[in-house]
Every structure is written in C-alpha cells, then in structure tokens.
Amino acid sequence: MKKLLSLGGTLVKGGIFFLLPLVLFVVILEKAVQIIRPLSDLMRKSLGLANNQVITPFIFSVLVVLFCCLIAGIIAKRGLGKKMMSWIENNVLVLFPGYKLIKTTFEQRAGIRENHDFPVVLVPIDGWMLAYIVEELEDNQVVVFVPSAPDSWSGNLVIFDREKVKHTKLTKADVSKMSRTLGVGSREILKEKF
C-alpha cells in the first residue's frame, strides 16, 4: 500500500511539475494574444490577409506575439535595452530574495548563459555550513549566500574573510539535493568532495 501511495505521489508531483509550466505558458500566451488581437486584426486587414482561411486571426496574433518577443529579446541584449534590463534587475528585482541565484540557474539550464556555478564552500557558522560564494570583495573578503533547508532559495548573506572559507568540489545540485532531503543521504554526496 505504501509503495502504491508513493508511486501515486511521485506521479502527481511529476505531473504537476511537468504540467504547471506548460499551463502557465499557455495562459500567458493566451493573455498576450488577447492584448495584441486588435493590432493584429488591423495588420491582417492592411496586409490583405483578412479573408485568408489558413492564417486565422488567432494564428496571426500568435505570430505577432512571437515576433514581438524576438524584437524584445534583441533589444534587451543591446544598448539601451541592456541598460534598462540591468537597471530593473539592480533596482527592482533584487528586492526579491534569491532572484539572482534563481535567474542564473534557469539561464544555465536553458542554455542562455554558460555554465558558471557559484562555488560551493564551507563557512564557520555554528560548525561548518554549506554556502555559495556570490561575490568577491576587494579587501580579501567574500560575500556568501548560506541557503536554508529544505528551501535552498532562501537563506542569508554573510561576509567572510577569504581565508576562513573552505572550498569544496560540491555543486549547486549537490547542495539542493541535500537541502531537499534535510541531509539524509549526504554521506554519498559528500564522499571525496572536500
């Protein structure tokens, strides 16, 4: 019975984590199409596609949304758009805890950013705690993010002298796995990582 419940729980969790981003994408796309629909109808008429049976208003609206996303992506990577995105990240999005860490992780998984993990270190706080070096300071100090468990997206920022920090061979994935399991199974993960 326990195995059946465990299997059911695994299937439900897997289904949720597979379907949730998909549903979210569809909802956002639908809202974007509703917003852009009047403009796309105007564009269809001006291009002489109003009576076209293949390119329906919905398909044309989706194409317009995708084109807008492409243009926005190009603008965000260059000049003024890059400065604007940088300002928004540095002045607004930093107010959300763990934003930079989450952004970096998702960019790496999506292949947008090269794989640059924050180094995992041990810091002396009531024993040794796992942390990520997130910034190196000029006066031989480092800023570390100490994740909490089981939610490794929240935690604390602490400044340490560089020589007090012990480097490890652990990855962010190792730390996340240990946090989610509250340390159960850490022996296997920690083998030969120091």
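Keep in mind that what you see is a predicted model, and the values were worked out from it rather than measured.

Caption draft 1: Representation of the overall build of the protein in the model. Secondary structure summary: the protein contains six helices and five strands in total. N-terminal to C-terminal, the α/β element order of the protein is α-α-α-α-β-β-β-β-β-α-α. Counting the 194 residues in the protein, one finds 24% classified as buried. With an accessible surface of roughly 14400 Å², the protein has 67% of that area assigned to carbon and sulfur atoms.

Caption draft 2: Broad picture of the side chain of Thr-168. Looking at where Thr-168 falls in the secondary structure, it is placed in the loop between strand E5 (166-167) and helix H5 (172-180). Among the polar contacts listed, one links the side chain of Thr-168 to the backbone nitrogen of Leu-170, at a separation of 3.2 Å.

Caption draft 3: Seen up close, a nonpolar patch on the surface. A cluster of nonpolar residues, Phe-67, Leu-70, Ile-71, Ile-74 and Ile-75, forms a patch on the protein surface that exposes about 460 Å² of accessible area. You can see Phe-67 is positioned in helix H2 (residues 57-76). Of the residues examined, Phe-67 reaches a relative accessible area of 52% and is grouped as exposed.

Caption draft 4: Region of the structure containing H5. Every buried residue belonging to H5 is among Lys-172, Asp-174, Val-175, Ser-176, Met-178 and Ser-179, and all of these are buried. Count one or two residues on from H5 and you reach Leu-182, which has phi positive near 55°.

Caption draft 5: Spotlight on the packing of aromatic side chains. Summed over all chains, the structure comprises one aromatic pair. Judged by centre distance (6.4 Å) and plane angle (5°), the rings of Tyr-132 and Phe-145 are stacked. Within this pair, whereas Tyr-132 is found in strand E2 (residues 128-136), its partner Phe-145 is found in strand E3 (residues 141-147), the two being separated by 13 residues in sequence. Taken individually, Tyr-132 and Phe-145 each receive the classification buried, so the pair is uniform in this respect.

Caption draft 6: Summary view of unusual backbone geometry. Non-glycine residue Asp-126 carries a positive phi angle of around 50°. In this fold, Asp-126 is placed in the loop between strand E1 (120-124) and E2. The phi dihedral of Asn-140 is positive, around 60°, even though this residue is not glycine. Relative to the helices and strands, Asn-140 resides in the loop between E2 and E3. Asn-140 gets classed as partly exposed once you look at its relative accessible area, which sits at 40%.

Caption draft 7: Quick peek at the environment of Pro-124. Note on placement: Pro-124 falls in strand E1. C-alpha separation for the pair Pro-124 and Lys-164, spaced 40 residues apart in sequence, amounts to 7.3 Å.

Caption draft 8: Spatial organisation of the environment of Leu-122. Position of Leu-122 among the secondary structure elements: in strand E1. Note on Leu-122: relative accessible area 12%, which makes it buried. Residues Leu-122 and Ile-133, 11 residues apart in the sequence, show an inter-C-alpha distance of 9.8 Å.

What counts, and at which threshold
- Residues numbered from 1 in each chain as written.
- Predicted model: local features only at pLDDT ≥ 70, side-chain atom pairs only at ≥ 80, totals over all residues.
- Heavy atoms only, no water.
- Helix = DSSP H or I, 4+ residues; strand = E, 2+ residues; numbered from the N terminus.
- Buried < 20%, exposed > 50% of the residue type's maximum accessible area, 1.4 Å probe, protein only.
- Areas by Shrake-Rupley, 256 points an atom, 1.4 Å probe, with all protein chains shown as cover.
- Polar contact = N/O pair within 3.5 Å; in protein donor to acceptor, adjacent residues only side chain to side chain.
- Patch = residues over 30% accessible without salt bridge, like charges linked within 9 Å, V, L, I, M, F, W, Y side chains within 5 Å.
- Salt bridge = Lys/Arg side-chain N within 4 Å of Asp/Glu carboxyl O.
- Phe/Tyr/Trp six-rings, centres within 6.5 Å; stacked < 30°, edge-to-face > 60°.

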